[in-house]
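Topology and contacts: notes
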Amino acid sequence: MQRTAPRLWPKAISASPRKSTSQQSGGIFIERERLLKTFKVTHEEIIDFENLLQADKNASQGKHYRDENLAFSAHKSDELIKLHNELTYFPKDGIPGNPLESAYHVGRYRRKKIYEPKPRIIMALQYRDRVVQWAYYQKLNPLFDKQYIEHSYGCRVGKGTTRARAQLQYWLRMASRSAKKWYVLKLDIAKYFYRVDHEILMKILSKHIRDPLILRDLYNLINCEDTAFGLPAGVQPELCDREEWLYNRGMPIGNLTSQMFANIYLNELDQFCKHDLHIRYYIRYMDDIIILWPNKEELHQIQAEIERFLDEKLHLELNKKTCIRPAWLPVTFVGAQITPKSIRMRKSTRKRMFRRMKYIRGLFEIGRITFEKVNNTMQSYFGLIGTFTARNLLRKVIDEFSFRIIKHDNSTG
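Everything quoted here is computed from the prediction, not taken from an experiment.

1. Looking at the packing of helix α8 (residues 198–208) against helix α9 (residues 212–222)
Orientation of α8 relative to α9, taken along the N-to-C sense of each, is 155°, at an axis distance of 11 Å. What the angle tells us is that α8 and α9 run roughly antiparallel. As for the relative orientation of α8 and α9, their crossing is right-handed in sense. Listed contacts from α9 to His 198, Leu 201, Met 202, Leu 205 and Ser 206 of α8 are Leu 215, Leu 218, Tyr 219 and Ile 222. By residue class, the composition of the contact of α8 with α9 is 7 nonpolar, 2 polar and no charged.

2. Considerations on the side chain of Arg 156
Mapped onto the fold, Arg 156 is located in the loop between α5 (127–145) and α6 (161–176). Its relative accessible area of 13% is what places Arg 156 among the buried residues. Polar side-chain contacts of Arg 156 include one of 2.8 Å to the side chain of Asp 145. Here Ser 152 takes part through its backbone oxygen, which lies 2.8 Å from a polar atom of the side chain of Arg 156. In this view, Arg 156 contacts Asp 145, Tyr 148, Ile 149, Glu 150 and Asn 263; residues no more than four positions away in its chain are not counted.

3. Here we look at a negative patch on the surface
On the surface, Glu 44, Glu 45, Asp 48 and Glu 50 cluster together to form a negatively charged patch. Structurally, Glu 44 can be placed in helix α1 (residues 43–46). For Glu 44, a relative accessible area of 52% puts it in the exposed group.

4. A word on the environment of Pro 330
In this structure, Pro 330 sits in the loop between β8 (323–326) and β9 (331–333). Placed 158 residues apart in sequence, Pro 330 and Leu 172 show a C-alpha to C-alpha distance of 9.7 Å. Not counting residues up to four positions away in its chain, the partners in contact with Pro 330 are Arg 325, Gln 337, Ile 338 and Thr 339.

5. Quick look at the packing of aromatic side chains
Counted under the stated rule, the structure contains 11 aromatic pairs. Geometrically, the ring pair formed by Phe 72 and Tyr 127 is edge-to-face, given 5.0 Å between the ring centres and 70° between the ring planes. Here Phe 72 is found in helix α3 (residues 67–74), whereas its partner Tyr 127 is found in helix α5, with 55 residues between them in sequence. Taken individually, Phe 72 and Tyr 127 each receive the classification buried, so the pair is uniform in this respect. An angle of 70° between the planes, with centres 5.7 Å apart, marks the rings of Trp 182 and Tyr 281 as edge-to-face. Of this pair, Trp 182 sits in the loop between α6 and β5 (183–188) while Tyr 281 sits in the loop between α10 (256–276) and β6 (282–285), and the two are 99 residues apart along the sequence. A single burial state applies to Trp 182 and to Tyr 281, both of which are buried. Taken together, the ring pairs connect Trp 171, Trp 182 and Tyr 281 into an aromatic cluster.

6. Re the pairing of strand β3 (residues 110–114)
Where β3 and strand β4 (residues 120–124) come together, 5 bridges link them in antiparallel fashion. Looking across to β4, one finds that Arg 111 is bridged to Met 123. Counting the residues in the hairpin turn of β3 and β4 gives 5 residues.

7. Brief notes about the environment of Leu 201
Within the secondary structure, Leu 201 sits in helix α8. Exposure remark for Leu 201: the relative accessible area of 0% places this residue in the buried category. It is 8.2 Å that separates the C-alpha atoms of Leu 201 and Ile 264, two residues lying 63 residues apart in sequence. Ignoring sequence-local partners within four residues, the contact set of Leu 201 consists of Val 196, Ile 222, Phe 261 and Tyr 265.

8. Observations concerning the confidence of the model for the protein chain
The predicted model of the protein chain has a mean per-residue pLDDT of 87, with 88% of residues at 70 or higher. With pLDDT under 50 throughout, residues 1–29 is counted as low confidence; its partners more than four residues away or in other chains account for 49 contacts.

9. A few points about the sheet that holds strand β10 (residues 336–338)
Read across the sheet, 3 strands follow the order β9-β10-β11 without closing on themselves; strand pairing throughout is antiparallel. Only two strands of the sheet have a single partner each, and these edge strands are β9 and β11 (343–345). With strand direction ignored, the average angle separating the axes of adjacent strands in the sheet is 30°.

10. What to know about the pattern of salt bridges
Opposite charge on two side chains makes pairing possible when the charged atoms of those side chains draw close. Taken as a whole, this structure holds 13 salt bridges when the rule is applied. Among the ionic pairs, Glu 199 bridges to Lys 203, the shortest N-O distance being 3.7 Å. A residue pair is termed a helical-turn pair when its members lie 3 or 4 positions apart in one helix, as Glu 199 and Lys 203 do in helix α8 at 4 residues. Taking relative accessible area as the criterion, Glu 199 reaches 54% and is therefore assigned exposed. Linking Glu 305 and Arg 308 is a salt bridge whose minimum nitrogen-to-oxygen distance equals 2.8 Å. Pair noted here: Glu 305 and Arg 308 are both in helix α11 (residues 296–314), with a separation of 3 residues, about one helical turn. Each of Glu 68, Arg 110 and Arg 130 takes part in a single network of salt bridges with overlapping partners.

11. Focus: the packing of α5 against α10
Contact geometry for α5 and α10: axes closest at 9 Å, N-to-C directions at 25°. In terms of orientation, α5 and α10 fall into the roughly parallel class. By crossing handedness, the relation of α5 to α10 is classed as left-handed. Here Gln 133, Trp 134, Tyr 137, Leu 140, Asn 141 and Phe 144 of α5 come into contact with α10, specifically with Leu 256, Thr 257, Met 260 and Ile 264.

Thresholds applied
Residues numbered from 1 in each chain as written. Predicted model: local features only at pLDDT ≥ 70, side-chain atom pairs only at ≥ 80, totals over all residues. Heavy atoms only, no water. Axes fitted to C-alpha atoms, helices over the stretch in contact; angles between N-to-C directions. Helix = DSSP H or I, 4+ residues; strand = E, 2+ residues; numbered from the N terminus. Parallel < 35°, antiparallel > 145°, perpendicular 65-115°, else oblique. Left-handed = near helix turned anticlockwise from the far one by under 90°. Contact = heavy atoms within 4.5 Å. Nonpolar A, V, L, I, M, F, W, Y, C, P; charged D, E, K, R; others polar. Buried < 20%, exposed > 50% of the residue type's maximum accessible area, 1.4 Å probe, protein only. Polar contact = N/O pair within 3.5 Å; in protein donor to acceptor, adjacent residues only side chain to side chain. Patch = residues over 30% accessible without salt bridge, like charges linked within 9 Å, V, L, I, M, F, W, Y side chains within 5 Å. Areas by Shrake-Rupley, 256 points an atom, 1.4 Å probe, with all protein chains shown as cover. Salt bridge = Lys/Arg side-chain N within 4 Å of Asp/Glu carboxyl O. Lys, Arg positive; Asp, Glu negative; His and termini not counted. Charge placed at Lys NZ, Arg CZ, Asp CG, Glu CD. Phe/Tyr/Trp six-rings, centres within 6.5 Å; stacked < 30°, edge-to-face > 60°. Pairing = 2+ DSSP bridges. pLDDT = per-residue confidence, 0-100.

Have a look at this one:
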């Protein structure tokens with residue numbers, strides 16, 4: 001009787017048996033070919049005046065009174081017509097048969113350093129370029145969103161951090177009731193936004209988008225002639241000289257399209273983990289990834305396969321924060337410490353929150369801001385705290401800050 005190979009994936013969480021083109025060779029699985037969805041969107045749809053008009057509306061939301069927004073809005077129709085003409089492709093020198101080219105060029109980025117929650121370089125485009133990004137985002141993101149796995153929560157409508165935490169806690173509760181000893185693999189990709197390979201990203205986009213003019217515009221958005229976005233491996237952004245930044249790597253943090261490209265890029269890893277490694281309990285929020293598995297040795301093999309895939313297919317690597325821990329320990333995920341019974345705010349987040357509250361209170365006490373501004377800030381923090389298991393924290397905030405503000409407001413009335 002012919003012996004069958006032992007099953008690597010536990011029946012409790014593996015997918016139902018089905019035919020697969022995967023083969024074992026040097027690792028657990030070789031990535032198999034998947035049927036890819038090709039989108040029928042055209043360049044004409046994206047630069048259509050109505051789409052540009054909606055893009056302007058979205059780009060200006062909450063920012064109507066900025067100088068560059070006001071200047072654009074003062075001549076909105078003319079500016080949108082100008083953008084439409086610049087984005088339209090014509091034969092070079094107007095001679096039929098010559099290669100097509102457009103007059104649009106991405107403007108220069110403004111750079112800004114931030115240090116909370118960690119040091120980063122934020123980059124912002126001029127308003128007219130943000131309108132162009134919205135025009136592409138409106139048409140492409142809904143199409144790509146349908147390709148994502150269910151438990152990808154970053155920058156998606158109806159998802160977000162609160163639902164990601166709740167889903168992970170639900171799985172941890174299931175694991176805590178199981179007779180098996182479960183483990184958590186936390187994956188942390190080193191400098192993800194700074195290390196995305198432009199050539200690989202364009203190959204992924206070209207699998208789904210057939211219109212060459214859309215691909216040409218996306219290439220220009222990704223490969224900016226004036227600004228480098230990438231970092232050499234192992235280099236911190238605040239310590240890297242301008243001359244050392246890479247032009248063929250990275251995405252600008254703060255860009256609308258960067259959020260979309262970030263999900264598209266790591267969707268390749270999502271599909272590999274779900275359909276090739278058959279991992280059921282897999283959740284991702286941007287580059288923050290958690291996997292639950294009931295066998296520690298097999299989880300080490302899974303980690304090795306993921307590292308191989310990231311290195312060979314996406315040219316990324318995991319950092320030292322990647323680890324495997326028992327599932328009964330608190331899991332750090334999207335700014336929270338999550339257990340089967342609680343979702344607690346991280347200590348570093350609490351410290352930043354209290355520091356900000358003290359700063360706001362100080363401005364109010366010297367008359368620099370109004371009570372309405374203080375109240376808006378406090379209400380936003382109350383809303384944030386409400387998403388955590390934090391009854392004592394809420395009481396401390398009310399006792400420490402709200403009472404003093406109300407007392408001061410009454411004394412000045």
